[in-house]
Each structure stands twice: as structure tokens, then as C-alpha cells.
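So the chains spell out like this:
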Amino acid sequence: MTGVTAAPGYRVEVARGVDALPPGLWERLAPPDDPVWSRPVLRAMEAGAIGPDGYAHLVLRQDAPGEGEALAVLPVALFPGLRLDEVVGAEDRRRLAPVRRALPGLLRAPMLFCGHLLGQGHLLTDRRLPPAALDALVAGALALARRERLGTVVFKDFAPAELAGLRPALEAAGFFPVPALPDTELRLGPGGFEDYLARLPAKARRNARSKLRRAAAWPGLRTEVLTDFAHLLPQMLGLYRQVMARADQRLDVLDGAFLAAVHGAAPAGRRLVACFEGDRLVAFLLCLFAGTGATGARIGLDYRIAHQAGLYHAVHHAAIRLALDAGCTHIRFAQTAYQPKLELGCELVELWSAMTHLRPLRRTLLRRALPPALTAARARALGPHAAGHTPVPDPERFPRAAR
């Protein structure tokens, strides 16, 4: 590991990859019930070319003789040339297409993302850190950004309480808050799938049973749960690309190396829900498990029949069955397609990000322009569910710890 900064009593080191961390540190600090924070998923991200050019982990240590105790870990992803047209909505992407063709460099921005590229952000620690320690950690992130020439730094997709805990250190370093797209989480009660259906509101329950009948009636359609799906990886990529072609945001795009690495991990940590029309794969949902938590990580759909056959609900219903059978207390899905996920019984989990730029003038411009723009984009993504779920941005105020 290499050092990037030091503060009185603390120092921050950089580990290039999850396996460069001290033995046992990740397992001690990572959320035990969030599968995207498992070591195999981090290894798969590092093995694939899914967006960033590199990954690292900032390790906060007590500055003491010898190694010093490791107090916290913050994962980061390095984007030397993030394409801005890939993280806006489809309509904005179409408007920017001529700019991209004429001046492609204009739409690229070097960024450092702090948190987790595929899930909710966390600062991993098992204790309450004093202000000086948090100041040192934020300073370490900024020092790494300067060294790597990454002008924009983002603490991505943190829960309000966790971001509020970082607020003094972030504000002192020039960060400002911006609303993020909410997570979707289905809390699972006791019993099996029929008990889950019975707990849904009447309209959602009728819709769910209608979708189940639609999938059951589609000629030749069957759903399987697989632990060995290596032979399906090429077909999975094709279906996944159909989904990504329609996606509003493409910060990360999974590739074959990532999927192969996930498949090579311990079978207990992953399952593939696969829908076949005859022998042809027409839909999948990659499901990850850890402790009492599950995640429907990524989906692929054959849009030739997706709507008529109810493929979206077919794979999600199968994933809910899997999570119930595994004794999970919750299952999380992606930050997209809010209408069908709310029909499944999911709740919206509020998330915030914090952002700054190393150059004061650009920081001022971002502070003025981004919060209202991202609030509007969030409202468009939520559609009719935006009311009551879209916070009003205040660049001078971070979210409170309790609401």
C-alpha cells in the first residue's frame, strides 16, 4: 500500500485492489447482509472492464508506531475520462450526439467516485470516528484525486444518516450535496411466496397474479434457477445489452469478464433466474446472496416478447421466491424501472451524494447547476411517484441524520 496523506494522529493509505487490503479487514468491516459488498463481487469488478479504469481502497489508520490500527476503508473507482453523455437520460443523450461526434473530448470528465459503483455507498468502519479522522479520510480522497488528475470527486449514493455523519469533513473540503436516485428494497415477511402475495395491496396483488398467469400461458416459456450458467454467458450479454441500450444512465456496463468472475465465485453467493422460450434464453436476473440479504443485481430481456410474455415480472417473482426460500429479510433491486418495482411491493430508499471539484471556479459552477438538474432528472425517473420522494436541493445544507 502507498500513502497519500497524513493528518495529526492519522494517515491514509491506498490499496490497489480488494486483495491488497490487510487480511480479514474487508470481512470485518463490510456489510454482512449486502452481497454487492462481498469480496467475490469486488474481485469480479476488478476483473471486468465495466466502466472505471481502476479501483482502489483508502485505508484510514491510527498514526502509531508500526502499522497502526486500520480504522476504516473507503472504496473508490477511478474514471479518467467518464463520458457525460452516458450518465444522462436518453433524451439528453440524443441532443448531445452531434457534440459527441464533433468534439468527443468535450463530453469527457475525469472523476473519482467514492463508495461502491454497483450499490449503496458506505464508509466501512466498526466505530464512531472522531472529526479529525474523517477530515483525514476526506483529505486522502482529494489527495488521490490530485495525484491521478481527477478533477471531480463524488461520494456516491450514501444514505442520509451516513452522509450526515461525514458532513463537517465534507463541507470543510468544499463538497456540496446532490440528490441521488433512490434504491428499491422489498422487505420480506414470514412465510412463502403466497404469503408475500397476500401481503400486497389488493390492486398490486391482482396485477401480480395477472402477470403470473401471462407468463404461464406463453407457449414454451419456462423459468429455471441455475447455479451453473457458464454456457449461457454469451446469450446473457446479448440480453443485457438490449436493456442497456434503453437505459437512461450507463455509469457501469457489465462485460463478459465480470459475469465469468461472478460465475466462478462460490455458488452459495449467486444464482441465475433464467427464462427460456424452448431452448432460447429470453430473460435472466442475476441474484446475489449474503447473510440475510439478497440483490437482483442485473437483468437481461428479449424485447421481442418481453411485454407480451411478462418476462420482467417472471424473473423478479422467481427472485423473490429464491430470497424467501433462503430466509432473507430483504431483497434489493436496481435504481431503475420504479413503477414495476413499486408494484412488487418495494420501498424507495432515499440516497444522497456529495460532490466537489478541485478547481474553485468549476466547483462554484457545479454547485449552482447540478443540484436542480439532478433533482429534475430524479423526478423524471420516478414519474408519478416523485411527489413526496424528491428532496428540494439546498447546496448549503446536507441531509439530516434523522427525518
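Residues numbered from 1 in each chain as written. Predicted model: local features only at pLDDT ≥ 70, side-chain atom pairs only at ≥ 80, totals over all residues. Heavy atoms only, no water.

Colleague: Teacher, can you tell me more about the layout of surface pockets here?
Modeller: If a probe as big as a water molecule is rolled over the atoms, it shows which places are left empty. Size it by volume and the second largest pocket reaches roughly 390 Å³. Elements that contribute at least two residues to the lining of the second largest pocket include exactly helix H4 (131-147), helix H5 (160-165) and helix H6 (167-172). Considering every element that reaches the lining of the second largest pocket, the biggest residue donor is H5, with four residues. Looking at the lining of the second largest pocket residue by residue, the class counts come to ten nonpolar, two polar and four charged. (1 Å grid on protein atoms, 1.4 Å probe; cavity = no way out; pocket = protein on both sides within 12 Å on 5 of 7 lines; lining within 4 Å. Points joined across faces, edges and corners; volume = space filled by probe spheres on them. Helix = DSSP H or I, 4+ residues; strand = E, 2+ residues; numbered from the N terminus. Nonpolar A, V, L, I, M, F, W, Y, C, P; charged D, E, K, R; others polar.)

Colleague: Explanation requested: the pairing of strand S11 (residues 270-277) in the structure shown.
Modeller: The side chains of a regular strand alternate between the sheet's two faces. When you tally the buried positions in S11, you get six out of eight residues, the bulk of the element. Where strand S10 (residues 221-226) meets S11, six bridges bridge the pair, whose relative direction is antiparallel. Bridged to Leu221 within S11 is Glu277. Adjacent in sequence and paired antiparallel, S11 and strand S12 (residues 280-290) are bridged by two residues, among which Gly278 carries a positive phi angle near 65 degrees. (Buried < 20%, exposed > 50% of the residue type's maximum accessible area, 1.4 Å probe, protein only. Pairing = 2+ DSSP bridges.)

Colleague: Looking at this structure, how should I read the nonpolar core?
Modeller: Across soluble globular proteins, nonpolar side chains have a tendency to be buried as a group. Ranked by internal contacts, the top residues of the largest apolar core, which has 54 residues, are Trp26, Met45, Met236, Phe258 and Leu272. Considering each element in turn, this core owes the most residues, six residues, to helix H9 (residues 233-245). Filtering out sequence-adjacent residues up to four positions away, Phe258 remains in contact with Val41, Ala44, Met45, Gly48, Ile50 and Leu118. (Core = buried A, V, L, I, M, F, W, Y, C linked by side-chain atoms within 4.5 Å. Contact = heavy atoms within 4.5 Å.)

Colleague: Teacher, can you tell me more about the pattern of salt bridges here?
Modeller: Close approach of charged atoms allows side chains with opposite charge to pair. Scanning the model with the defined rule gives 21 salt bridges in all. For Glu185, the salt bridge goes to Arg332, with nearest N and O atoms at 2.7 Å. Taken together, the residues span a long stretch of sequence, with Glu185 in strand S9 (residues 183-187) and Arg332 in strand S14 (residues 330-333) at a distance of 147 residues. In this structure Glu185 comes out as buried when scored by relative accessible area, which is 13%. Between Arg187 and Glu347 there is a salt bridge, and its shortest N-O distance comes to 3.3 Å. (Salt bridge = Lys/Arg side-chain N within 4 Å of Asp/Glu carboxyl O.)

Colleague: It is not clear to me how empty space enclosed by the protein should be interpreted in this structure. Could you clarify?
Modeller: Counted by the stated rule, this structure contains two cavities of 30 Å³ or more. The space that makes up the largest cavity amounts to roughly 90 Å³. Considering the residues around the largest cavity, the lining is formed by Leu42, Met45, Tyr55, Pro75, Val76, Ala77, Phe113, Cys114, Gly115, His116, Leu117 and Lys156. Contributing elements (two or more residues each) for the lining of the largest cavity: helix H2 (39-47), strand S4 (70-83) and strand S5 (108-114). With three residues, S4 is the single largest residue contributor to the lining of the largest cavity. Residue composition of the lining of the largest cavity, by class: nine nonpolar, two polar and one charged. For the second largest cavity, the calculated volume is near 40 Å³. Lining the second largest cavity, in full, are Tyr196, Leu200, Ala204, Asn207, Ala208, His313, His317, Glu343 and Leu344.

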